[in-house]
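# A closer look at the structure
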Amino acid sequence: MSSENSFTFYVREMNCGSCVGRVEKALLSVPEVQEATVNLAAETATLVVGDSFDMGLIATALDTAGYPAELQAFRFSVENMSCASCVGRVERALAAVPGVVSASVNLPQEEATVQALGVSAASIAQAVTVAGYPASVITDQGSVDVTQERKAAETSHLKIMTLVAAILTMPVFILEMGSHMVPALHHWIMNALGMGLNWGIQFVLTTIVLAWPGRDFYLKGFPALFKGAPDMNSLVALGSSAAWGFSTVALFAPSLLPAGTRVVYFEAAAVIVTLILLGRFLEARAKGRTGQAIAKLVGLRAKTAHVERDGEVIELPVDEIVVGDLVQVRPGEKIALDGTVVKGASYVDESMITGEPVPSEKTEGAGVVGGTVNGTGALVFRATAVGSDTMLAQIIRMVEEAQGAKLPIQDLVNRITLWFVPAVMVVAAVTFLTWLLVGPDPALSFALVAAVAVLIIACPCAMGLATPTSIMVGTGRAAELGVLFRRGDALQSLSNVQTVALDKTGTLTQGRPELTDLTVTDGFEEADVLLLVASVEATSEHPIAAAILRRAEQDGLSLAPVEEFNSVTGYGVSAVIEGRKVLVGADRFMIREGIALDDVEDVGMKLGQAGKTPLYAAIDGRLAAIIAVSDPIKPSTAEAISALHALGLKVAMITGDNHATANAIAATLGIDTVVSEVLPEGKVAAIQKLQAGDRKVAFVGDGINDAPALAHADVGVAIGTGTDVAIEAADVVLMSGDLKGVVNALHISRRTMRNIHQNLFWAFGYNALLIPVAAGVFYPLFGLMLSPALAAGAMALSSVFVLSNALRLRWIAPTLSEGRTQKVETVNLVPAAAE
């Protein structure tokens, strides 16, 4: 067996000899696997396989067995792609490489993302290069910079070639078309040059245009045609060379043509090449703009920082800083890396990361994020994450992955465009034969014009660009507003959501309890009671105790020493402070200790109905105060829920809290559905119930216990201030802890999908309408024929329109921003029958 049929890759989760047996059994169950050797110490598996082996089946088999393969992820820069047909061919070339599990190609970025097992990046790149699309692996950000430089150089080259082609084409156009449109010019040309010299000049200039600025169309188009895989280059090459070839025969060997057909179309060939070069230049420039979000994020990174080393402060490149280094940040400087403040105080502008416009206060113990900008204070922080582990690096990676994603709608487009070019060539051939057989004299000229026009006008560039450009711009703009799509297809899923289910704690609320009410009874002072209660609670780690202590600290109270502290589980705590016996706890604790609550029973009931937790304090055997603690609702929550309703969505709350608290909050916020007192697995069941009737549900949460629900919902949205587990389980991440990000995410999703639909309508509608026009269906009715030159202009305009429309997404304004509600888009994208 050749080395090409042998693969070695890593397998996770193996820890004993029985694991090895199960992994080998799973591998050998896959068709075409002839030998499987598993090494427990190295955690690898080596396969010998047959020629028709599918590596994707290996990944599936190992996942099913519970021992997932460690997939290698590669990104490649791919050259020479010009339309959706190219995308299909590159993907087929990638899929044909033994070891490739999945492959996705992004036309606007000119990149391919590949997941593979046991195959080198060089082998994958070689396969794509052999297919006619030179590929190189992107290994680090430096390579990305090289890619950007290459794309900039390509744009510059296209600009120069377009100018050269335009300069050479202008005389040809004037000599031929000007002569037709201006009789005086025609007489002057015929008298001064004569027809032979006139056509000779056109021949020379057009030949230079085709052989120099337009040579790539022929170098790529004809080989693709001969391989049986024609692309848009093939269409341009065929159309322009047919016009040039017919004209050359008419000039040098007119006897080969039927009588009455001796005309030249040199200007059509030259103008076709020039206009399509112009279209490609405009495309290249616009495609560069679609990636500006990534460029902006990369630009946020600091290049150097001041680091304390060996007792002195030195300036170091960021790449040389390690975890644990102390980094100094001066006023106005960019923070280099993620870390924790150890000295100093300042306000930091984190808007580029979170979308929050108000600077965040940073004091000792606070976390800082690389790429944010320090205010007027000075800080010293200890680096906690460097390189690819920083939040900014992870954000860039998320945005890149989302921008390279393929939406379900794109699969349909790709399937269509794969057969579209061959179909166009068939239509062009039928058009040529029809005109030749039944067209008026000179039939050959009419047949040539119509066939060339069909070939040129049907180039499928706009189809291939319609979806990925909108995804790139939409997800990039979302990142600027603090919304990260971890999965690109979440863009499409989120636009179809009908119900938004929200976790309560940390999502609707601040996530930590605060003391909201302190009502003292006759004979007691508020400050004295708070001092005694806080002193008792100082020894407790309960969140409610922390809330009481924060209130005492805010009021500037100094705690008193505690004696005889005693905690009664499920009831409360007691202690002696300065000779006074203090009890703090639930109503049942007071009753147990013989403290009468008759006079305050109504107060406690009202607090409970308001969603607050009532506690009681007794001093020396007398009820001293009723204390209420609750998790405050975030300031922007009510506004966000109102905006969700305005978007035509139902809002549900799923929480582990008791019914009274949950219903009180729901009534305050206008929430439609409440599911309370549920465990984490109960949240999943609640989502399944909301999904009844094929309704699409998005779940928003922030905690570890939210991870199952986030994964089970149609779209999981994680609050960025939440846990890593929740963020990993989510499809969309909000960088701030504010619910307005949910509204903005939905708004961006709907706008982006609407933009994609507009692009696809234009791209497909353009071809559906203009191919028949190019074929000459209007000639019998109105005597109108579409010039190949006009067809080239229309084709270029189509691509530029799609790109320009996608770029409009760069200016999406946040629906909710800085506490002010903008006009909310109320268009309901859900069919009425689904409501």
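Because the structure is a prediction, the values reported are computed rather than measured.

To continue, consider the pattern of salt bridges. Under the definition given, this model contains 10 salt bridges. Across the pair Arg-550 and Glu-514 runs a salt bridge, and its minimum N-O distance is 3.4 Å. Placement of Arg-550 in helix H20 (residues 543-554) and of Glu-514 in strand S19 (residues 514-520) is noted, with a sequence separation of 36 residues between them. Neither Arg-550 nor Glu-514 differs from the other in exposure class; each is buried.

All right, on to the sheet that holds S19 then. Spatial ordering of the open sheet is given by S19-S24-S23-S22-S21-S20, a layout of 6 strands whose pairing is antiparallel. With one partner strand each, in any of the chains shown, S19 and strand S20 (563-568) form the two edges of the open sheet. Sheet twist, expressed as the mean angle between neighbouring strand axes with direction ignored, is 15 degrees. Looking at chain direction, strand S22 (residues 580-585) and strand S23 (residues 613-619) are connected through 4 bridges and run antiparallel. From the neighbouring strand, Leu-583 faces S23, where its bridge partner is Ala-618. This element, helix H19 (residues 526-537), spans S19, S20, strand S21 (572-577), S22, S23 and strand S24 (622-630) of the sheet and lies at about 110 degrees to S21.

Time to look at the packing of helix H9 (residues 232-252) against helix H15 (residues 443-457). Packed helices, taken two at a time, are described by the angle between their axes plus the distance between the axes. It is the contact of H9 with H15, at a shortest axis distance of 8 Å, that shows an interaxial angle of 160 degrees. One finds that H9 runs roughly antiparallel with respect to H15. The chirality of how H9 crosses H15 is left-handed. Seen from H9, the contacting residues are Leu-235, Val-236, Leu-238, Gly-239, Ala-242, Ala-243 and Phe-246; seen from H15, they are Leu-444, Ser-445, Leu-448, Val-452, Leu-455 and Ile-456. When the residues that make up the contact of H9 with H15 are grouped by side-chain class, the tally is 11 nonpolar, 2 polar and no charged.

What follows concerns the UniProt feature "transmembrane region" (unreviewed entry) in the chain. Within this numbering scheme, the UniProt entry marks residues 160-182, 188-214, 235-257, 263-282, 416-438, 444-467, 760-782 and 788-807 as carrying the feature "transmembrane region" (unreviewed entry). For residues 188-214, the helix share is 85%, the strand share is 0%, and the end-to-end C-alpha distance is 31 Å. As annotated, residues 263-282 has a helix share of 85% and a strand share of 0%, and its two end C-alpha atoms lie 33 Å apart.

So, about unusual backbone geometry. One non-glycine residue with positive phi stands out, namely Glu-32, at about 75 degrees. By secondary structure assignment, the location of Glu-32 is in the loop between helix H1 (17-28) and strand S2 (33-39). Judged by its relative accessible area of 34%, Glu-32 falls in the partly exposed class. Notably, Asp-310 is not glycine yet its phi reads approximately 55 degrees, a positive angle. Here Asp-310 shows up in the loop between strand S8 (304-309) and strand S9 (312-317). The exposed category is assigned to Asp-310, whose relative accessible area is 81%.

Turning our eyes to something else, we now look at the environment of Phe-217. Position of Phe-217 relative to the elements: it lies in helix H8 (residues 215-226). Sequence spacing of Phe-217 and Leu-238 is 21 residues, and the spatial spacing of their C-alpha atoms is 9.3 Å. Contact partners of Phe-217, with chain neighbours within four places excluded, come to Phe-222, Asn-233, Val-236, Ala-237, Val-273, Ile-276, Leu-277 and Arg-280.

Let us look at the sheet that holds strand S5 (residues 100-106). The 4 strands are arranged S5-S6-S4-S7 in an open sheet whose pairing can be described as antiparallel. Every interior strand has two partners, whereas the edge strands, S5 and strand S7 (135-138), have only one. Adjacent strand axes in the sheet meet at a mean angle of 30 degrees, parallel and antiparallel pairs treated alike. Note: strand S4 (residues 72-78) against S7, 4 bridges, orientation antiparallel. Note that in S7 the partner of Arg-75 across the bridge is Ile-138. Along the sheet, helix H3 (residues 84-95) contacts S4, S5 and strand S6 (111-116); its crossing angle with S5, the most-contacted strand, is approximately 160 degrees.

Thresholds, definitions, all that
- Residues numbered from 1 in each chain as written.
- Predicted model: local features only at pLDDT ≥ 70, side-chain atom pairs only at ≥ 80, totals over all residues.
- Heavy atoms only, no water.
- Salt bridge = Lys/Arg side-chain N within 4 Å of Asp/Glu carboxyl O.
- Helix = DSSP H or I, 4+ residues; strand = E, 2+ residues; numbered from the N terminus.
- Buried < 20%, exposed > 50% of the residue type's maximum accessible area, 1.4 Å probe, protein only.
- Pairing = 2+ DSSP bridges.
- Axes fitted to C-alpha atoms, helices over the stretch in contact; angles between N-to-C directions.
- Contact = heavy atoms within 4.5 Å.
- Parallel < 35°, antiparallel > 145°, perpendicular 65-115°, else oblique.
- Left-handed = near helix turned anticlockwise from the far one by under 90°.
- Nonpolar A, V, L, I, M, F, W, Y, C, P; charged D, E, K, R; others polar.
- UniProt positions renumbered as here; feature names shortened; annotations may be inferred.

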